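Chain by chain, the residues:
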Amino acid sequence: MSDINSETRFEKATFGAGCFWGVESRFRKLDGVEDASVGYMGGHVDQPTYEQVCTGQTGHAEVVEVIFDPTKLSYRALVDAFFALHDPTQVDRQGPDVGRQYRSVIFCHDPSQQMIAEQAKTALDQSGRYQVPLATAIEPAGNFWRAEEYHQQYLARRGGQCGIG
């Protein structure tokens, strides 16, 4: 994180929306996002590797952990951005990426985040924007396992696209 003011209280949000490279890239562009890291959450294996997660056997989702300044960017705005950057009706896939590791999921770090995420999902579900119900899961956050360094800021370092990138 860059130039952190000791009086600023940053918060954490964690989202899975397909290929984590594109998700990370999109969240980093939001004013108020201090940092974003890609990793894995929601599985049953400690310290999983990318290769293990790709097998679909660990139960993890590819996720982005977002560190944000709530005085500049609300959690609801992050949730809205999450829903806008992918197709939340797809089950266990986004674009060409298929498997449980690519599921649409919001991992909540406290009851307030859970309430906000559920309200946003309900509102979007009822908006008529989609013909089918949202597949996005809302779950309590567990351990965040940071992905290997070559995955961090992958698109910024190498350019290119993936799914939603």
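Residues numbered from 1 in each chain as written. Predicted model: local features only at pLDDT ≥ 70, side-chain atom pairs only at ≥ 80, totals over all residues. Heavy atoms only, no water.

## Details of the sheet that holds strand β7 (residues 137-140)
If you trace the six strands from one edge of the open sheet to the other, you get β7-β6-β1-β3-β2-β8, paired in mixed fashion. Both edges of this open sheet fall to β7 and β8 (145-146), since each of them pairs with a single strand only. Sheet contacts for helix α1 (residues 20-28): β1 (11-17), β2 (33-41) and β3 (61-68); angle to β2, the most-contacted strand, approximately 165°. The strands touched by helix α3 (residues 75-84) are β1, β2, β3 and β6 (104-108); relative to β1, the strand with the most contacts, the crossing angle is about 15°. (Pairing = 2+ DSSP bridges. Helix = DSSP H or I, 4+ residues; strand = E, 2+ residues; numbered from the N terminus. Contact = heavy atoms within 4.5 Å. Axes fitted to C-alpha atoms, helices over the stretch in contact; angles between N-to-C directions.)

## Points about the pattern of salt bridges
The final tally for this structure, using the stated rule, is five salt bridges. Between Glu65 and Lys12 there is a salt bridge, with its nearest N and O atoms 3.9 Å apart. Of this pair, Glu65 sits in strand β3 while Lys12 is found in strand β1, placing the two residues 53 residues apart along the sequence. Where Asp35 meets Arg28, a salt bridge forms, and the shortest distance between an N and an O atom there is 3.0 Å. Put simply, Glu24, Arg28 and Asp35 are held in one network by salt bridges that share partners. (Salt bridge = Lys/Arg side-chain N within 4 Å of Asp/Glu carboxyl O.)

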